[in-house]
Amino acid sequence: MSGLPRASGNIVLRAWRSTDEDDLVAEANSRAVWRNLTHLFSHPYTAKDAKEWVAACLEQDPPRDLVIEVAGEVAGGCGVQPGEGVGVYTGHVGYWLGERFWNKGVATSALAVFLEYIWETFDFERLQAEVFSWNPASAKVLEKNGFRREGTRRRAIFKDGELIDEWMYTRFRSETMEQ
């Protein structure tokens, strides 16, 4: 598994392991976490969900979904999903943290490390990330990592009983090469 683990200070990105399942449930089984993620993330988040998730991640070669570990503890996850068809050079980036790791700079640092891994491992020209408008902290994480807000999809998301806006953020490989 070349290129992993990756670290920045006490933050490590690595592949998921079956031994992470209990910790994954402990961090992911939060309504506040679920509220900021797509419909693919369950709530409540169960041991069965964790087992299925880790099993799917173990099949990835190279890994696209990684654990965010802080000081040896599972803190959350990050991933990139490849586009299909005409969108083959677009990667869809996502990340999440357990609540106890919020507002500590963990997501910003983890995303910086993850972006290095993505550019070195995959052939994406464009990375994009969608943020629910009620989550400006996530938008700041992206902006601190060189993403730019490309647009707003008004009233595009129905989550937790509300219709809300979604912000689209992008970053390009060519911008990374210029830095």
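In case you missed it, the structure is sitting above this.
The notes below deal with the structure included here. No experiment lies behind these values; they were computed from the predicted model shown.

### Quick word on the overall build of the protein chain
At step 1: Scanning the protein chain from terminus to terminus reveals six helices and eight strands.
At step 2: Mapped from its N terminus to its C terminus, the protein chain presents α and β elements in the order β-β-α-α-α-β-β-β-α-β-α-β-β-α.
At step 3: A compact globule built from 179 residues should have a C-alpha radius of gyration of about 16 Å, and the protein chain, at 16 Å, falls within 12% of that.
At step 4: Projecting the C-alpha coordinates of the protein chain onto the three principal axes gives extents of approximately 45 × 40 × 35 Å.
At step 5: Of all 179 residues assigned to the protein chain, the portion counted as buried reaches 49%.
At step 6: Considering only contacts in the protein chain between residues 6 or more positions apart, those separated by 24 or more positions represent 64%.
At step 7: Summed over all atoms, the accessible surface of the protein chain reaches about 9,600 Å², with 51% contributed by carbon and sulfur.
At step 8: For the protein chain, the centre of its 21 positive side-chain charges and the centre of its 27 negative side-chain charges are spaced 5 Å apart.

### Here's the deal with unusual backbone geometry
At step 1: Between H43 and the following residue, P44, the backbone shows a cis peptide bond with an omega angle of 0 degrees.
At step 2: The residue P44 is located in the loop between α2 (31-34) and α3 (47-58) in this model.
At step 3: The backbone phi angle of A71 is positive, close to 50 degrees, even though this residue is not glycine.

### Quick look at helix α4 (residues 106-121)
At step 1: Look at α4: 22 Å from first C-alpha to last across 16 residues, which is about the 22 Å you get at 1.5 Å a residue.
At step 2: When α4 is considered as a whole, its buried residues turn out to be V106, A107, T108, A110, L111, V113, F114, L115, Y117, I118 and W119.

### Overview of the layout of surface pockets
At step 1: Size it by volume and the largest pocket reaches roughly 1,500 Å³.
At step 2: Residue lining of the largest pocket: 49 residues in total, with N36, L37, G94, Y95 and W96 positioned closest to the centre.
At step 3: Contributing elements (two or more residues each) for the lining of the largest pocket: α3, β3 (65-70), β4 (73-82), β5 (90-97), α4, β6 (126-132) and α5 (136-144).
At step 4: For the lining of the largest pocket, the per-class residue count stands at 25 nonpolar, 15 polar and nine charged.

### Regarding the nonpolar core
At step 1: Counting residues in hydrophobic clusters, the biggest one holds 34 residues, and the most contacted among them are I68, L111, F114, I118 and L127.
At step 2: Discounting residues that sit within four places of it in the chain, I118 has contacts with V80, V93, F124 and L127.
At step 3: Grouped together as the second largest cluster of nonpolar side chains are 15 residues, L24, W34, A50 and W96 included.

Quick notes on the rules
Residues numbered from 1 in each chain as written. Predicted model: local features only at pLDDT ≥ 70, side-chain atom pairs only at ≥ 80, totals over all residues. Heavy atoms only, no water. Helix = DSSP H or I, 4+ residues; strand = E, 2+ residues; numbered from the N terminus. Rg over C-alpha atoms; globule rule 2.2 N^0.38 Å. Buried < 20%, exposed > 50% of the residue type's maximum accessible area, 1.4 Å probe, protein only. Contact = heavy atoms within 4.5 Å. Areas by Shrake-Rupley, 256 points an atom, 1.4 Å probe, with all protein chains shown as cover. Lys, Arg positive; Asp, Glu negative; His and termini not counted. Charge placed at Lys NZ, Arg CZ, Asp CG, Glu CD. Expected span 1.5 Å × (residues − 1). 1 Å grid on protein atoms, 1.4 Å probe; cavity = no way out; pocket = protein on both sides within 12 Å on 5 of 7 lines; lining within 4 Å. Points joined across faces, edges and corners; volume = space filled by probe spheres on them. Nonpolar A, V, L, I, M, F, W, Y, C, P; charged D, E, K, R; others polar. Core = buried A, V, L, I, M, F, W, Y, C linked by side-chain atoms within 4.5 Å.

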